[in-house]
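Coordinates in review
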Amino acid sequence: MNIKIGIVVAIILMIGALMLSGLFGKLIGLAISLAVWGLTGYLVGKLMQGEGYGLIGNVIMGIVGGFVGSLLVTLLGWIGIIKLPFFGGILAGVLGGVVVVLIGRLFAKEQVAR
């Protein structure tokens, strides 16, 4: 019983220290970003092959897809998508991720044909 109380007190002290330093907000922001990128990569995986790419692969696909999708949306003039809070980023990331996977598959087929 004493160990459980000690763990709870330690967690409360750590959270308090993080909140005082402002690091807690940054960690929460990073966690939310990683979750959104992971969700975006998972959606791309489901759309393109029926499964995700694993946790790390989903996050990487979400980051790359978000970058490519934002460029595509800007080039196509669909700026309104990006302005949608939360969902706009996911839509742009999925669009970019699908494009990245399609281009990757084209290069993979080209390498096999040689």
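Each value, and the rule that gives it
- For every chain, the first residue of the written sequence is number 1, and numbering continues from 1 onward in sequence order.
- Side-chain atom pairs in this predicted model are given and counted only at pLDDT of 80 or more, local residue features only at pLDDT of at least 70, and totals for whole chains, interfaces and linings cover all residues.
- Just so you know, side-chain values use all the structure's heavy atoms and leave hydrogens and water out.
- Starting at the N terminus, helices and strands are each numbered in turn, a helix being any DSSP run of H or I of at least four residues and a strand any DSSP run of E of at least two.
- To sort residues, take the accessible area from a 1.4 Å probe on protein chains only and compare it with the maximum for the residue type: under 20% means buried, over 50% means exposed, and anything in between is partly exposed.
- We call two residues contacting when some pair of their heavy atoms lies within 4.5 Å.
- Computed with the Shrake-Rupley method and a 1.4 Å probe, the accessible areas treat only the protein chains shown as cover for residues.
- Every residue gets a pLDDT, meaning the predictor's confidence in that residue, from 0 to 100.
- The length a helix should cover is 1.5 Å for every residue beyond the first.
- Directions are taken from the helix axis to each C-beta atom, and the arc is the one they span.
- Throughout, nonpolar core names a set of buried Ala, Val, Leu, Ile, Met, Phe, Trp, Tyr and Cys residues whose side chains join them through atoms within 4.5 Å.

With that settled, consider the overall build of the protein. Secondary structure assignment for the protein yields 5 helices and 0 strands. What you see in the protein, going N to C, is helices and strands ordered as α-α-α-α-α. Relative to its full complement of 114 residues, the protein shows a buried share of 21%. Pairs at least 24 apart in sequence give 52% of the contacts found in the protein among residues at least 6 apart. When the accessible surface of the protein is totalled, it reaches about 8,000 Å², and 78% of it is carbon and sulfur.

The subject of this paragraph is the confidence of the model for the protein. Looking at the protein as a whole, its pLDDT mean stands at 79, while 82% of the residues score no less than 70. Between the elements of the protein, mean pLDDT differs from a low of 71, seen in helix α1 (residues 2-21), to a high of 86, seen in helix α3 (residues 55-76).

What follows is about α3. Look at α3: 30 Å from first C-alpha to last across 22 residues, which is about the 32 Å you get at 1.5 Å a residue. Within α3, the full set of buried residues consists of N58, V59, M61, G62, G65, G66, G69 and V73. An end-on view of α3 places all buried positions within 150° of arc, on one side of the element. Facing away from the buried side of α3, by more than 90 degrees, are the exposed residues I56, F67 and L75.

Relative to the elements of secondary structure, V68 occurs in helix α3. The exposure class of V68 is partly exposed, given its relative accessible area of 22%. For the pair V68 and V100, spaced 32 residues apart in sequence, the C-alpha to C-alpha distance is 7.7 Å.

Let us look at the nonpolar core. Of all hydrophobic cores here, the largest spans 8 residues; its members are V36, V44, M48, M61, I90, V94, V98 and V101. Elements represented by at least two residues in this core include exactly α2 (23-48) and α5 (87-113). In terms of residue count, α5 provides more of this core than any other element does, 4 residues in total.

Relative to the assigned elements, T40 resides in helix α2. You can call T40 buried: its relative accessible area is 2%. In contact with T40, not counting residues within four places along its chain, are G62, I90, G93 and V94.

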